[in-house]
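# Fold and geometry: a report
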Amino acid sequence: MFRWSTASIRTRLTSWYVLAMFVLLAVYAATTFAAVRHEFVEQLDDQLDDDLESAERRLALSDGRVIWMTETSQDPDDDTDRDQSQEVWSPAGESIYRSLSASALPALFPDGGMSGRRHDSIAAGGRRWRTLTAPTLVGGRTVVVRVARAEDRMRAELREVLVVLVLGFPLVVVLAGFGGYVLARRALEPIDHLAADARRITAERLHERLSVPNDRDEIGRLAAVINDTFARLEASFEQLRRFTADASHELRTPLSVIRGIGEAGLGETRTPAEYKEAMGSMLEEVDRLTSLVDTLLRLSHGDAGRVRLSPEPVDLGELARDVVSSLVLLAEERRQRVVVEVTSGVRVKVDRLVIREAITNVLDNAIKYGPDGSRIDVRVTIMSDEAVLTIADEGPGIPPEYRDRLFDRFFRIDDGRSRDRGGSGLGLAIAKWAVDVNAGQVSAEAGTSGGSVFRIVLPLASTTKADRPIQTVQPAARGEL
Ligand code: ADP
């Protein structure tokens, strides 16, 4: 059974089209018919006006009485005579003259005809008549003249117009419905092609795209949007694949080390001290594994949106100082100088712990990749109504071609060097996630005198107003400042 809600767009469009066409045509036909009818009646009335004029010309006064002068040539069998009539009545309601066919009409009085000129339609003798009644003066005497014409011919013509309109109506609606169906089919055909194309693109063939014959029309724009979606899907699939491969690779390394240590320990009998040392190394690798798995878990929770944030107003300068003091020992080991320059009162509304981790990871990298005895600058300020935290180091810097991928998971510029320093390639990915979820942006650029500058931009909490910058220098190792 036909159900509107499950019908195809093509069927629904055609149905709407037919319905609209039906209503429009009905209105059009009714209006046309009314206009034609009005025009016919007007024509009849014009003829009656002429009839009245010629009737008035035939009236004369003879011996103080109004008389009708008959034309000698008049033929009583004339066809037109039966279709038209003339009458003259006295104001008292006496008939002065009635033409032959006028006998079919009812007497003019008592309805009267003195009220002025008026057109009427009346039924008499099984026919309909159009009449014009008007008082007129004949030599100072008032009489009432009524001229009439049968409406038969006009009605026959109107009937013909009606027949044409009524018979043509379903024909036009059916033709319009057919045309509508063909149009809807043609208009929707590209969508069928699109669907067939899209069905072809599976997870294994995500590099394929829908063809866009005309990118300006609606279908073209739809195809472009679907293509964009495919492109994003492909990128996500690719990222996921790389992530899985990298994660497995990352987990394999400590596992192989543990296995290696275990095999070496079992290979020959060793002293208790050597066993202890082997176990210590194994535990170190286990720690590495545990922290890696923890980080991966946190990232996947972050991706799934399962990390609950508690945003609160945080003084970004204080937070930066706090992070610096917790990492200063690492810097001291490398005789690095951490200079903190903070505009006081830079308040942001963020999750303190999450942003703290982002700053920690970036500062940790600056310490890790900065050379021994170098300087690290931590600045907190306000720029263009945003809180900006920069961490600049004097390390090797980030080549421009890597800047986009720097925040990708497991991305490392120099695999060996980073791994030697205990890096897993996840620090900046975590930092990016942490800043992103707090509505900020993190980026890396080249420092003015070498090294790299990491910039974290966060929206200000609404009540922030900046004071003067305050500079503090963290004590570096061996008292260097
Ligand atoms: P990792 O744990 O390996 O340090 P990150 O995600 O923190 O991982 O960093 C990714 C890579 O970006 C690092 O391996 C390193 O090559 C590069 N990198 C990060 N910070 C710096 C920096 N301050 N100077 C130079 N290179 C950096």
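Just above, that's the structure.
Residues numbered from 1 in each chain as written. Predicted model: local features only at pLDDT ≥ 70, side-chain atom pairs only at ≥ 80, totals over all residues. Heavy atoms only, no water.

## Things to note about the overall build of the protein
Along its length, the protein carries nine helices and 15 strands. For a compact globule of 481 residues, the expected C-alpha radius of gyration is about 23 Å, and the protein comes in at 51 Å, more than 25% above that figure. Oriented by its inertia axes, the alpha-carbon framework of the protein measures out at about 160 × 60 × 35 Å. Each of the 481 residues in the protein was classed as buried or not, and the buried ones make up 36%. Per element, the accessible surface of the protein, about 28,600 Å² overall, is 55% carbon and sulfur. In the protein, 62 positive and 73 negative side-chain charges are present, and the distance between their average locations comes to 4 Å. (Helix = DSSP H or I, 4+ residues; strand = E, 2+ residues; numbered from the N terminus. Rg over C-alpha atoms; globule rule 2.2 N^0.38 Å. Buried < 20%, exposed > 50% of the residue type's maximum accessible area, 1.4 Å probe, protein only. Areas by Shrake-Rupley, 256 points an atom, 1.4 Å probe, with all protein chains shown as cover. Lys, Arg positive; Asp, Glu negative; His and termini not counted. Charge placed at Lys NZ, Arg CZ, Asp CG, Glu CD.)

## Some remarks on the packing of aromatic side chains
Considering all chains together, one arrives at five aromatic pairs under this definition. Directly above the aromatic system of Phe243 lies the positively charged group of Arg409, at a separation of 5.4 Å from the ring centroid. (Phe/Tyr/Trp six-rings, centres within 6.5 Å; stacked < 30°, edge-to-face > 60°. Lys NZ or Arg CZ within 6 Å of the ring centre and 35° of its normal.)

## Brief notes about the nonpolar core
Leu316, Ile359, Leu363, Val378 and Ile391 are the most contacted members of the largest nonpolar core, which totals 42 residues. The leading source of residues in this core is helix 7 (residues 352–369), at eight residues. Beyond its immediate sequence surroundings of up to four residues, Val378 is in contact with Ala320, Val324, Val338, Val339, Val340, Glu341, Leu363, Thr390 and Ile391. If you look at the next biggest cluster of nonpolar residues, it comprises 14 residues, including Tyr97, Val143, Val145 and Val147. (Core = buried A, V, L, I, M, F, W, Y, C linked by side-chain atoms within 4.5 Å. Contact = heavy atoms within 4.5 Å.)

## Let's talk about the packing of helix 6 (residues 316–333) against helix 7
Where helix 6 contacts helix 7, the two axes come as close as 9 Å, and the packing angle between them is 40°. As far as their axial angle goes, helix 7 and helix 6 are oblique. The two elements helix 6 and helix 7 meet at a crossing, and its hand is right-handed. Residue-level contacts link Leu316, Leu319, Asp322, Val323, Val324, Ser326, Leu327, Leu330 and Ala331 of helix 6 to Arg352, Ile355, Arg356, Ile359, Thr360, Leu363, Asp364 and Ile367 of helix 7. (Axes fitted to C-alpha atoms, helices over the stretch in contact; angles between N-to-C directions. Parallel < 35°, antiparallel > 145°, perpendicular 65-115°, else oblique. Left-handed = near helix turned anticlockwise from the far one by under 90°.)

## Observations concerning helix 1 (residues 9–57)
The first and last C-alpha atoms of helix 1 sit 71 Å apart over 49 residues, in line with the 72 Å expected at 1.5 Å per residue. When we look at burial in helix 1, the residues that qualify are Thr14, Leu25, Ala29, Phe40, Val41, Leu44, Asp45, Leu48, Asp51, Leu52 and Ala55. (Expected span 1.5 Å × (residues − 1).)

## Things to note about the packing of helix 1 against helix 3 (residues 152–200)
Their axes nearest at 8 Å, the elements helix 1 and helix 3 cross at an angle of 155°. When the interaxial angle is binned, helix 1 and helix 3 end up roughly antiparallel. Crossing hand, helix 1 versus helix 3: right-handed. Residue composition of the contact of helix 1 with helix 3, grouped by class: 26 nonpolar, three polar and six charged. (Nonpolar A, V, L, I, M, F, W, Y, C, P; charged D, E, K, R; others polar.)

## Some remarks on the pairing of strand 10 (residues 347–350)
Residues Val348 and Val350 line the buried face of strand 10, whereas the alternating positions Arg347 and Lys349 sit on a face that is not buried. In this structure, strand 8 (residues 312–315) lies alongside strand 10, joined through four bridges in antiparallel fashion. Opposite Pro313, over in strand 10, you have Lys349 as the bridge partner. (Pairing = 2+ DSSP bridges.)

## Describing unusual backbone geometry
One non-glycine residue, Arg335, adopts positive backbone phi at about 55°. Note on Arg335: relative accessible area 29%, which makes it partly exposed.

## Things to note about the pattern of salt bridges
Scanning all chains against the criterion turns up 27 salt bridges. Across the salt bridge formed by Lys432 and Asp436, the nearest N and O atoms sit 3.1 Å from each other. Of this pair, Lys432 and Asp436 both sit in helix 9 (residues 427–437), four residues apart, which is roughly one turn of that helix. Given a relative accessible area of 31%, Lys432 falls into the partly exposed group. Via salt bridges that share partners, Asp197, Arg200, Arg205 and Glu208 belong to a single interconnected network. (Salt bridge = Lys/Arg side-chain N within 4 Å of Asp/Glu carboxyl O.)

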